[in-house]
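A closer look at the structure
If you want the building blocks of each chain, they are given just below.
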Amino acid sequence: MEVYSNENEQVDALRRFFANNGKALAVGVIIGIAALGGWRYWASHEESSSKAVSAQYQQVTTAMKADQPATLDAAAKFASENSNTYGALAAMDVAKQYVDASQLDKAASLLENGLKNTKDANLQAVINLRLARIQLQQNQADAALKTLDAVKGDGWTAIVADIRGEALLSKGDKQGARAAWSKGVDSDASPALKQMMQMKMNNLS
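So, here is what we can say about the structure in this document.

As for its placement among the helices and strands, Lys200 is situated in helix H10 (residues 191–204). Residue classification places Lys200 among the buried positions, given a relative accessible area of 17%. Within the structure, Lys200 has its side chain in polar contact with the side chain of Asp162 (distance 2.6 Å). Lys200 has contacts with Asp162, Glu166 and Trp181, leaving out every residue within four places of it along the chain.

Quick look at the nonpolar core now. By size, the foremost hydrophobic cluster in this structure holds 25 residues, and its most contacted members are Leu129 and Met197. When residues of this core are traced back to their parent elements, those giving at least two are helix H6 (121–137), helix H7 (141–149), helix H8 (157–170), helix H9 (174–186) and H10. At six residues, H8 tops the list of elements feeding residues into this core. Not counting the four nearest positions on each side in its chain, Leu129 is found in contact with Leu148, Val151, Trp156, Ile159, Val160 and Ile163. Counting 20 residues, the second-largest nonpolar core is a separate cluster that includes Ala75, Tyr98, Ala107 and Leu131.

Summarising the element assignment, Thr147 is placed in helix H7. What Thr147 contacts, discounting residues up to four positions off in sequence, is Asn128, Leu131, Ala132 and Gln135.

Let us now look at the packing of H8 against H10. The geometry of a pair of packed helices is captured by two quantities: the angle between their axes and the separation between those axes. Where H8 contacts H10, the two axes come as close as 10 Å, and the packing angle between them is 20°. When the axes of H8 and H10 are compared, the pair comes out roughly parallel. The crossing of H8 and H10 is left-handed. For the pair H8 and H10, the contacting residues are Ala158, Ile159, Ala161, Asp162, Glu166 and Leu169 in the first and Leu193, Met196, Met197, Lys200 and Leu204 in the second. Of the residues that constitute the contact of H8 with H10, the class distribution is eight nonpolar, no polar and three charged.

The first and last C-alpha atoms of H6 sit 25 Å apart over 17 residues, in line with the 24 Å expected at 1.5 Å per residue. The inward-facing, buried residues of H6 abut helix H4 (85–100), helix H5 (104–116), H7 and H8. The backbone nitrogen of Asn122 has a side-chain oxygen 3.1 Å away, supplied by the residue at the start of H6, namely Asp120. Phi for Asn139, located one or two positions after H6, is positive at around 60°.

Turning our attention to the pattern of salt bridges. Summed over all chains, the structure comprises five salt bridges. When the shortest N-O distance is used, the salt bridge between Lys200 and Asp162 registers 2.6 Å. In this pair, Lys200 is assigned in helix H10 and Asp162 in helix H8, connecting sequence segments 38 residues apart. Each member of the pair Lys200 and Asp162 is classed as buried. The closest approach of N and O atoms between Glu166 and Lys200, which form a salt bridge, is 2.7 Å. Of this pair, Glu166 sits in helix H8 while Lys200 sits in helix H10, and the two are 34 residues apart along the sequence. On the accessibility criterion, Glu166 (28% relative accessible area) is partly exposed. Residues joined in a network through salt bridges with shared partners are Asp162, Glu166 and Lys200.

Conventions used here
- Residues numbered from 1 in each chain as written.
- Predicted model: local features only at pLDDT ≥ 70, side-chain atom pairs only at ≥ 80, totals over all residues.
- Heavy atoms only, no water.
- Helix = DSSP H or I, 4+ residues; strand = E, 2+ residues; numbered from the N terminus.
- Buried < 20%, exposed > 50% of the residue type's maximum accessible area, 1.4 Å probe, protein only.
- Polar contact = N/O pair within 3.5 Å; in protein donor to acceptor, adjacent residues only side chain to side chain.
- Contact = heavy atoms within 4.5 Å.
- Core = buried A, V, L, I, M, F, W, Y, C linked by side-chain atoms within 4.5 Å.
- Axes fitted to C-alpha atoms, helices over the stretch in contact; angles between N-to-C directions.
- Parallel < 35°, antiparallel > 145°, perpendicular 65-115°, else oblique.
- Left-handed = near helix turned anticlockwise from the far one by under 90°.
- Nonpolar A, V, L, I, M, F, W, Y, C, P; charged D, E, K, R; others polar.
- Expected span 1.5 Å × (residues − 1).
- Salt bridge = Lys/Arg side-chain N within 4 Å of Asp/Glu carboxyl O.

Right, here's the structure in full:
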């Protein structure tokens, strides 16, 4: 089934249908009109739902920043109940709180669920990077390396290299760590990040 992003696309689809089928299935005109009306209703409903979810997300995050009682549980509940980008963002917010509280298992679980809730490549990359850092804290270097493999895009090369170096070093692979950090230094990274990775390389010798 095709999914249309606006009314014009659906109208164009109807035109193509009748151009290909001539006068056959004339009742399709009636169905098309009904579908167009249905599309308007669906689009309006989706917009209203999105605004409502956005407002709920703002409420739970504002409450978390204000350190209001029971807001962590409320935000975690919001993250688990919303299989969308807002759910993924909430998962990241709550995971940070869990990390600060040294509840790493909960943080990792939330981030793993958050990955399923968004199709945005950049957001997925950020979640994976945070998850890899947590896995390192859990002494799960192999899991962290696997998580880093899922991060795509040249813009993340330096950060991935930095974490990859830490993971390899934790496994006793100094040569691998050096190669990872060297790649990061040679990338289009910020001067501060390059300097930090260079220092880590220097400390290996």
